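# Analysis of the macromolecular model
Chain residues, written in single-letter form:
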Amino acid sequence: MSVGLLERSHFMTSVAWSTHAIELKPHSVIKRFRRGSREESEREWRALTLLFAYAPGLAPVPQSADLAAEEPVVVMSRLPGEPLRGQLLSEQQLTALAAATNEMYAAVPSEALAKIPVRPGRQHELIAKIRAWAPRARPRVSAEVGEAMDYGLDWLARSGFDQVAPPDVPPVFGPGDGNLANYLWDGSRVRVVDFEESGLSDRPFELAEITEHVASWVDRPLDAEMFPGQFDLSAAERARLLECRRLLALVWLFLLAFDDPQHPRNPPGTAERQAARLSRLLGQGRQAAREES
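Residues numbered from 1 in each chain as written. Predicted model: local features only at pLDDT ≥ 70, side-chain atom pairs only at ≥ 80, totals over all residues. Heavy atoms only, no water.

### Considering the environment of V193
Heads up, the condition is: Only DSSP runs of H or I reaching four residues or more are called helices, and only runs of E reaching two or more are called strands; each is numbered from the N terminus.
You can see V193 is positioned in the loop between β9 (190–192) and β10 (199–202). Through-space distance from the C-alpha of V193 to that of P60 is 6.9 Å; in sequence the pair is 133 residues apart.

As structure tokens, this is what we get:
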């Protein structure tokens, strides 16, 4: 998962992030990657070319690239529209967001999909990060956040979730970043930008990236039940979606716990709200078990 924010990048004159800088031209966007970010540039270019071939119009058109440069460069077309982040999404926008993501997941045929590397930030990587973060984060948080962390770590230890996706969950192409700032609404459809974390994934994991990203609920919440409900998921995918949402919610709880109180990136109380969100997600499985018994 990526925790950087990309909002307004297709509208500001220029903006810089940890892995890249963006320069906007009237009809193009120049993305200049930092030294050491070659893999990110390669994933960006691969995604743009794949989507141009199999889902034209959904993402920027790839124009040129210098991936071998010390500081790689990718040039793409500039898309119209406003980021969905921070908006209270209408039914039309929610339907368009689901249509865009569904198109992206289904776009790349199996023969091309087989050649795509697994995206970074998959579950085994996130679980390893959580386990590394826990000793540092636990002593510094409030009782409410600490209790939710313990609850989440206990679930993780019992879940067996450090395995790969089950075989009955089909692979898809995933953008790798659930930030709603990367989804642009032009008044009639949604298009997608930012693919430096993209690669082979599955629908439940990618949908969890969107529903559990802090950008989807900290300002004006995305309907986390209605949005996934617009996808025709199998029983295996639905079960995996809940587990992926729990994992991503736990990751975000740790990330928010590390927020610098002197220079916060999020409103006061966001970590506590995330703790409550994670606790609700972890309680869903217990409630379902009680209802079945």
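### Quick notes on the layout of surface pockets
Spelled out, the test is: Space inside and on the surface of the protein is sampled on a 1 Å grid over the protein atoms alone, with a cavity defined as a set of points where a 1.4 Å probe fits but cannot get out and a pocket as an open set with protein on both sides within 12 Å along at least 5 of 7 lines; lining residues have an atom within 4 Å of a point. Grid points are joined across faces, edges and corners, and a volume is the space filled by probe spheres set on the points. Throughout this entry, Asp, Glu, Lys and Arg are counted as charged residues, while Ala, Val, Leu, Ile, Met, Phe, Trp, Tyr, Cys and Pro are counted as nonpolar. The remaining residues, Gly among them, count as polar.
Taken as a whole, the largest pocket holds about 310 Å³ of empty space. The wall of the largest pocket is formed by 17 residues, among which L256, A257, D259, P261 and A271 lie closest to the centre. At the level of elements, α7 (235–257) and α8 (270–292) are the ones that each hand at least two residues to the lining of the largest pocket. Among the elements that line the lining of the largest pocket, the one with the most residues is α8, at three residues. Taken together, the residues of the lining of the largest pocket sort by class into nine nonpolar, four polar and four charged.

### Observations regarding the nonpolar core
Keep this limit in mind: Buried residues of nine kinds, namely Ala, Val, Leu, Ile, Met, Phe, Trp, Tyr and Cys, make up a nonpolar core once their side-chain atoms join them within 4.5 Å. Burial classes: relative accessible area under 20% of the type maximum marks a residue as buried, over 50% as exposed, and values in between as partly exposed (1.4 Å probe, protein chains only). Only heavy atoms matter for contacts: two residues are in contact if any of them lie within 4.5 Å across the pair.
Ranked by internal contacts, the top residues of the largest apolar core, which has 76 residues, are L97, F173, Y183, F195 and F227. In terms of residue count, the dominant contributor to this core is α7 (12 residues). Not counting residues within four places of it along the chain, the set of residues in contact with Y183 comprises E82, P83, L84, L97, T101, M104, P175, D177, V190, R191, V192 and I210.

### Let's talk about the sheet that holds β9
Test applied: By definition, two strands form a pair when at least two bridges between them are found by DSSP. Only the contacting stretch of a helix is used when fitting its axis, a line to C-alpha atoms as for every element, and angles between N-to-C directions run 0 to 180 degrees.
Spatially, three strands are ordered β6-β8-β9 in an open sheet, and the strand pairing comes out antiparallel. Edge strands, defined here as strands with exactly one partner in the open sheet, are β6 (82–83) and β9. Inspection of the sheet shows β6 paired to strand β8 (residues 183–185) by two bridges, in the antiparallel sense. In the strand pairing of β8, E82 is matched with W185. Packed onto the sheet, helix α2 (residues 91–107) meets β8 and β9 and runs at close to 135° relative to β8.

### Remarks on the packing of aromatic side chains
Given two aromatic rings, one states the distance between the centres and the angle between the planes to describe the pair. Rules: Between rings of Phe, Tyr and Trp, where Trp is taken as its six-membered ring, a pair exists when centres lie within 6.5 Å; planes separated by under 30 degrees are stacked, by over 60 edge-to-face, and by other angles tilted.
Counted by the stated rule, this structure contains six aromatic pairs. Taken together, a centroid distance of 6.2 Å and an interplanar angle of 35° make the contact between W133 and F254 tilted. Taken together, the residues span a long stretch of sequence, with W133 in helix α4 (residues 123–137) and F254 in helix α7 at a distance of 121 residues. Residue classification places W133 among the buried positions, given a relative accessible area of 14%. For F254, a relative accessible area of 0% translates into the label buried. A centroid spacing of 6.5 Å and a plane angle of 40° characterise the contact between F173 and F195, whose relative ring orientation is tilted. Here F173, found in strand β7 (residues 171–174), pairs with F195, found in the loop between β9 and β10; they are 22 residues apart in sequence, far enough to count as distant.

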